[in-house]
Structure formats: structure tokens, C-alpha cells
Amino acid sequence: MDSRAGPVVEEANENRRLYEAFCRSLSPRELESPIPATTWRVKDYVAHLASIDIYVADWFEHLADGKRFRARNDDGSSFNIDTWNESRITERIDAPLDDLFGEAARHRERLWNAVDRFSPQLLDEQFSFHDSDITYIRYLQLWVAHDPAHSVDMLCGLSPERRDAALDGWLKKYRM
């Protein structure tokens, strides 16, 4: 693995460990709590993070293989990540946490295997992301905040007492 990607992978893995510990600390009632101003429950963020790596791993495998990746729907229409995410959440609506974290680990392993094959040139290549041009290494560096960001989202549906010093310390690292 490129020496720049290794620390990113380590940080992402540590964030996943902290995220999983946070999720496992939640009661069944807390996991069912709705998130204000969204259609998701707290547990839906767990399902999202268990499944988003399916898409990202596909993308990264294409990149590592030197192939163009342009996600399309089965009918050939333009791909919409929000619609795709909603479908993955619906498929996992009743899945137990253990199943979700097991699935997440499998997809994450596949994703890291693809990143392991990224050349230094690929990591430095720019692409358009949310109307900005960034490199793949920068995308990875930003992406490590995905788990902490969704932890903040989940906290919006929980009582303020769910925040503790350890959780705050982790989230403050990302200015959340």
C-alpha cells in the first residue's frame, strides 16, 4: 500500500472501531429513535455505513483495475446515490447490529484490498467530486470522517446525555 494511504486506512479503521462501540452502547429503543428532519432512524445510519462500502468498493476496484466507473441503474438511467442508499436501508430495516457490522467488515475489507492496489499516480489523480476537483488521496483523507459525521447525525435523535467525554473527544478531532 502507498505510504500515504496506510495512515488513512488506519485512521478509518480506528474510526470504525469507535463507531461500532458507540452503536453497541445504544439501547434497542435508542436505535429506533427517529432523526429529526430526516426519514431515518438512528439504526438506519448503521445500515447505511454497513452498505455504502459496496458502492465505494466497486468504484475503487474499477480504479485499481484501470477501468472507468460510471454507476448506472439496471435500466440504464442515471445513478442517484441517495436513491441507492434508501434502497440499501430498506433492505436492512430489520437486520440485527451483529449482521450489519459483519456485512460492513466484509465490504470494508474489499474496499481496502482495492486501495492497496492504488498506484501513487492514481492517488494523485484528480476527479470531480461535489463540484470540486480533488485527488483520490484527498478523497480518502476526507472520507475517514464518514463514521464520525454520521455519529453526530445519530446523536440528533438521542438525548443530550448520550454524549460523554470519550465520544466528544473523538468527534472534536473532526470539529464535530
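Here, the structure is the one placed above.
Keep in mind that this is a model prediction, so the values were computed, not measured. (Residues numbered from 1 in each chain as written. Predicted model: local features only at pLDDT ≥ 70, side-chain atom pairs only at ≥ 80, totals over all residues. Heavy atoms only, no water.)

A few points about the nonpolar core
Working step 1: By size, the foremost hydrophobic cluster in this structure holds 54 residues, and its most contacted members are Tyr-19, Phe-60, Val-115 and Met-154.
Working step 2: Residue assignment for this core shows that the elements contributing at least two residues are α1 (5-24), α3 (42-64), α4 (81-91), α5 (97-116), α6 (120-124), α7 (136-143), α8 (146-155) and α9 (165-172).
Working step 3: With 13 residues, α3 is the largest single contributor of residues to this core.
Working step 4: Once residues within four sequence positions are removed from consideration, Phe-60 is found in contact with Leu-111, Ala-114, Val-115, Phe-118, Tyr-139 and Leu-140. (Core = buried A, V, L, I, M, F, W, Y, C linked by side-chain atoms within 4.5 Å. Buried < 20%, exposed > 50% of the residue type's maximum accessible area, 1.4 Å probe, protein only. Helix = DSSP H or I, 4+ residues; strand = E, 2+ residues; numbered from the N terminus. Contact = heavy atoms within 4.5 Å.)

A word on the packing of aromatic side chains
Working step 1: Taken as a whole and judged by the stated rule, the model has 16 aromatic pairs.
Working step 2: Between the aromatic rings of Trp-59 and Phe-60, the centroid separation amounts to 5.0 Å while the plane-to-plane angle is 45 degrees, which identifies the pairing as tilted. When sorted by exposure, Trp-59 lands in the same class as Phe-60, which is buried.
Working step 3: Judged by centre distance (5.6 Å) and plane angle (80 degrees), the ring pair of Trp-112 and Trp-143 falls under edge-to-face. Taken together, the residues Trp-112 in helix α5 and Trp-143 in helix α7 connect sequence positions 31 residues apart. Of the two residues, Trp-112 and Trp-143, both sit in the buried class.
Working step 4: In this structure an aromatic cluster arises from ring pairing among Trp-59, Phe-60, Phe-118, Phe-127, Phe-129, Tyr-136 and Tyr-139. (Phe/Tyr/Trp six-rings, centres within 6.5 Å; stacked < 30°, edge-to-face > 60°.)

A word on the pattern of salt bridges
Working step 1: The full count for this structure, using the stated rule, is 18 salt bridges.
Working step 2: Ionic pairing is found between Glu-14 and Arg-17, a salt bridge with its closest N-O pair at 2.6 Å. Pair noted here: Glu-14 and Arg-17 are both in helix α1, with a separation of three residues, about one helical turn.
Working step 3: Overall, Arg-17 belongs to the partly exposed group, its relative accessible area being 47%.
Working step 4: Arg-24 is the partner of Asp-98 in a salt bridge, and the nearest nitrogen-oxygen pair spans 2.7 Å. Of this pair, Asp-98 sits in helix α5 while Arg-24 is found in helix α1, placing the two residues 74 residues apart along the sequence. (Salt bridge = Lys/Arg side-chain N within 4 Å of Asp/Glu carboxyl O.)

Examining the packing of α3 against α7
Working step 1: Contact geometry for α3 and α7: axes closest at 14 Å, N-to-C directions at 160 degrees. Classified by the angle their axes make, α3 and α7 are roughly antiparallel. The handedness of the crossing between α3 and α7 is left-handed. Facing Asp-53, Val-56, Trp-59, Phe-60 and Leu-63 of α3, the residues of α7 in contact are Tyr-136, Tyr-139, Leu-140 and Trp-143.
Working step 2: Residues that form the contact of α3 with α7 fall into these classes: eight nonpolar, no polar and one charged. (Axes fitted to C-alpha atoms, helices over the stretch in contact; angles between N-to-C directions. Parallel < 35°, antiparallel > 145°, perpendicular 65-115°, else oblique. Left-handed = near helix turned anticlockwise from the far one by under 90°. Nonpolar A, V, L, I, M, F, W, Y, C, P; charged D, E, K, R; others polar.)

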